[in-house]
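# Residue-level structure breakdown
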Amino acid sequence: MSISLSDIANLAKRRGFIFLSGEIYGGIAGFYDYGPIGFGIKRRILDDWWWFFVSSRDDVYGISPAIITSPKVWVASGHVDEFIDILVECARCKSRFKAETLLEEAGIKIQDFSMESVKNAIKNNNIKCPKCGGELSEPRCFNLMIEAHVGAVKDESSVVYLRPEIAQGMFTNFKLISAIVGARLPFGIASYGKVFRNEISPRGFIFRLREFEIAEIEYFIDPNEQNNCALFSEVENIEVKIWTKEEQKRELEPKERTIGEAFNEGIFSNMWHAYWAGKAVEWLISIGIKPEHLRLREHLETELAHYAKQTFDIEYYFPYLGWKEIVGIANRTDYDLRRHTNMSGEKLYLTKNGKEFYPYCIEPSFGIDRIFLAIITEAYTVRDGKIVLRLHPKVAPYDVAILPLLKKPKFIAKAKEINTMLKLERFATYIDFSGKIGKAYAKIDEIGIPFAITIDHKTFEDNTVTIRFRDTKNQIRIQVSELAKKLRELKYNYIMQ
RNA sequence: GCGCCGGUAGUCUAGUGGUAGGAUGCCGGCCUGCCAAGCCGGUGGCGCGGGUUCGAAUCCCGCCCGGCGCACCA
């Protein structure tokens, strides 16, 4: 029996993972609130991401740029031009078209894509609906960036944009950061946070959102050293399905390759691009995604973003949605630093042997909410008609549950004592003495807590408790004094099945 | 944004014009004492707004939200 999106949404609602935002007023499409369990999991994902890509490394620096910044940033980045679509609608069949595509197909070239010139071009060339031949409506502007206003007066000069990506915060701070940290190439700047895109129709539970969390690294390399990656041995042997654009065009299946093989085949735009694709896959697997549910898919030329030379999506196989993007790894070249240098006048380039040059940039960009959904989907299993969420302990909402076998004062007191002890050891504990033990086990299985400590009669004889394993229901008995050590061992040596 | 379908306790669901019912969850009690046992009691609902009608969960209109298809997804 395969799981559906509504199974996931149902669990999410029932157990406090995630809810439609403002639901008491009917909600708002594309915006969701994370509840206690969901945010517990999401925070663990973000923490582990930060550890893997920032804290555990010496070459990546973490920052936190503002969500709203100078609107000029978005002009320079190309988002003001590229992120705005002018749409026309057929008055008869109601189909909508991008004005740009429509004019292109009609072989008409116009200099500027202002509303006026699009309107005139359509009128003067008597362009009709390509589907039904009907009359086209007035062009309308659809901006994928969400606008806001700052200051007391709400006019054109007060317009700001909610960031549609974090990357620009890394580029605009490039000079300051590289000077402060004394960074030498190659090095990266990383961040995570909320971004906003005015999607036309958000769909698929939390799959397409208007406000979502992205974690990004902008990794800067010397354009003359693109194929000199000293860290390549870290990823060389990682195996993953890779689907090149040629294979897609020729309708061939994706092929299993190691990152090393793929690089040697010339599939990646450079060695660092291959390296970061490998690291992204490595991380996803380390938090519980099965390798067979992942693949790297190269963007076709028509899909490439305005800034990208080559992009690979890491796609995850959602049983109810098919293969969908959860991570993108783009080679942005020197596009952004060059644009910002030209627009701002600041020198966002480096000097080597007296020669000025722009670093190239490889950008791994992680859609955290989609990864959250993938992790929940991956973990969702049914045992004896009950849901067991087999999350990796690293991303479980709590480390351990503490349950008294009986709801008697001395059992509860002992549970509280152990709870306090483990909290002092920095475990995220979950204590529950509200119901019966079987019911408590079922509940913690559903929210994915990997281990449960049970206080039973024997506890009062010899100060031992049992640790019960979510995945097997097996129990082991252990001295209370050994608990912290054992739990730490279990958490970090956990092997996904 | 267009088209089709839908929206009843936290969740699942019965109810097609006449007193909203059940299951589950949640809270309390009894009992039991290691994997959602049982019994008793309690809590909680017709997405929002307008209209038709003596009377609307039910019919009509608008909106909001969701699902599917199209379009969109740099």
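Counting of residues starts from 1 at the beginning of each chain's written sequence and follows it residue by residue. Lettering for chains starts from A, numbering for ligands starts from 1, and both go in the order in which the items are written. Owing to the predicted nature of the model, reporting of local features is limited to residues with pLDDT of at least 70; listing and counting of side-chain atom pairs is limited to 80 or more, with chain, interface and lining totals taken over all residues. Hydrogen atoms and water are omitted, and side-chain values are computed over all heavy atoms in the structure.

### A look at the packing of aromatic side chains
The pairing test for Phe, Tyr and Trp rings, Trp by its six-membered ring, is centres within 6.5 Å, and the orientation test on the planes gives stacked under 30 degrees, edge-to-face over 60, and tilted for anything in between. By the definition in use, this model includes 30 aromatic pairs. Seen from their ring centres, phenylalanine 171 and phenylalanine 220 are 6.0 Å apart, and the 75 degrees between their planes marks the pair as edge-to-face. Of the two residues, phenylalanine 171 sits in helix 7 (residues 167-172) while phenylalanine 220 sits in strand 10 (residues 211-221), which places them 49 residues apart along the sequence. Think of it in three bands: with a 1.4 Å probe and only protein chains considered, a residue is buried below 20% of the maximum accessible area for its type, exposed above 50%, and partly exposed in between. Its relative accessible area of 0% is what places phenylalanine 220 among the buried residues. Secondary structure is summarised from DSSP: a helix means a run of H or I of at least four residues, a strand means a run of E of at least two, and numbering begins at the N terminus for each.

### Things to note about helix 1 (residues 5-14)
Those residues of helix 1 lying buried are Leu5, Ile8, Leu11 and Ala12. Across the axial projection of helix 1, the buried residues extend over an arc of 135 degrees, all falling on one side. The contact definition used throughout considers only heavy atoms, calling two residues in contact when any of these lie within 4.5 Å. The inward-facing, buried residues of helix 1 abut strand 1 (18-20), helix 13 (368-379), strand 19 (380-383), strand 20 (386-389) and helix 15 (437-446). Here, the arc refers to the directions that run from the helix axis to the C-beta atoms.

### Here's the deal with the pattern of salt bridges
By definition here, a salt bridge exists when the distance from a side-chain nitrogen of Lys or Arg to a carboxyl oxygen of Asp or Glu is within 4 Å. One pass over the structure, following the stated rule, counts 39 salt bridges. Across the salt bridge formed by arginine 338 and aspartate 334, the nearest N and O atoms sit 3.0 Å from each other. Note on arginine 338: relative accessible area 39%, which makes it partly exposed. Residue classification places aspartate 334 among the buried residues on the basis of a relative accessible area of 13%. A salt bridge links aspartate 462 to lysine 458, with the nearest nitrogen and oxygen atoms 2.9 Å apart.

### Concerning the sheet that holds strand 13 (residues 294-298)
Taken together, nine strands build an open sheet; the order of strands is 3-9-10-18-15-14-13-11-12 and the sheet is mixed. Across the chains shown, the open sheet's two edge strands, defined by having one partner strand only, are strand 3 (60-62) and strand 12 (255-258). Averaged over neighbouring strand pairs, the angle between their axes works out to 30 degrees when direction is ignored. Relative to strand 12, strand 11 (residues 239-243) runs antiparallel, the two sharing four bridges. For valine 240, the partnering residue across the bridge sits in strand 12 and is arginine 257. Packed on one face of the sheet, helix 2 (residues 36-55) meets strand 3, strand 9 (187-196), strand 10 and strand 18 (360-367) and runs near 160 degrees to strand 9. To get an axis, a line is fitted to the C-alpha atoms, and for a helix only the part in contact is used. The angle between two axes follows their N-to-C directions and goes from 0 to 180 degrees. The sheet contacts of helix 13 involve strand 10, strand 14 (310-318), strand 15 (322-333) and strand 18, and relative to strand 14 the element is tilted by about 35 degrees. Strands are treated as partners if at least two bridges between them are detected by DSSP.

### Digging into the protein's contact with RNA strand B
Being near a molecule or strand, for a residue, comes down to having at least one heavy atom within 4 Å of it. The immediate surroundings of RNA strand B are formed by 43 residues, with Lys13, Arg197, Arg203, Arg208 and Lys386 found nearest. The sugar-phosphate share of atoms of RNA strand B within 4 Å of the protein amounts to 44%. A distance of 3.3 Å is found between a base nitrogen of RNA strand B and a side-chain nitrogen or oxygen belonging to arginine 15. Distance and chemistry together define a polar contact, namely a pair of N or O atoms within 3.5 Å, with one atom able to donate a hydrogen and the other to accept it when in protein, and with adjacent residues in sequence counting only for side-chain atoms on both sides. One of the backbone nitrogen or oxygen atoms of lysine 473 is found 2.9 Å away from a base nitrogen of RNA strand B. Secondary-structure elements contributing two or more residues to the surface near RNA strand B are helix 1, strand 5 (96-98) and helix 15. At six residues, helix 15 tops the list of elements feeding residues into the surface near RNA strand B. Ten residues, namely Ala, Val, Leu, Ile, Met, Phe, Trp, Tyr, Cys and Pro, are considered nonpolar, four, namely Asp, Glu, Lys and Arg, are considered charged, and the remaining ones, Gly among them, are considered polar. Within the surface near RNA strand B, the residues separate by chemical class into 14 nonpolar, ten polar and 19 charged.

### Some thoughts on the packing of helix 2 against helix 13
Running from amino to carboxyl end, helix 2 crosses helix 13 at an angle of 110 degrees, the nearest separation of the two axes being 10 Å. The pairing of helix 2 with helix 13 is recorded here as roughly perpendicular in orientation. As helix 2 runs across helix 13, the sense of the crossing is right-handed. Of the residues in helix 13, those touching helix 2 at Gly38, Ile41, Lys42, Ile45 and Leu46 are Ile368, Asp369, Ile371, Phe372, Ile375 and Ile376. In the contact of helix 2 with helix 13, the residues fall into eight nonpolar, one polar and two charged. Throughout, the term roughly parallel applies to angles under 35 degrees, roughly antiparallel to angles over 145, roughly perpendicular to angles from 65 to 115, and oblique to all others. For any helix crossing, the convention is left-handed if the near helix is rotated counterclockwise from the far helix by under a right angle, and right-handed if that rotation is clockwise.

### Here's the deal with the side chain of aspartate 369
Position of aspartate 369 relative to the elements: it lies in helix 13. By relative accessible area, aspartate 369 is classed as buried at 4%. Among the polar contacts made by the side chain of aspartate 369, one reaches the main-chain amide nitrogen of glutamate 213 at a distance of 2.7 Å.

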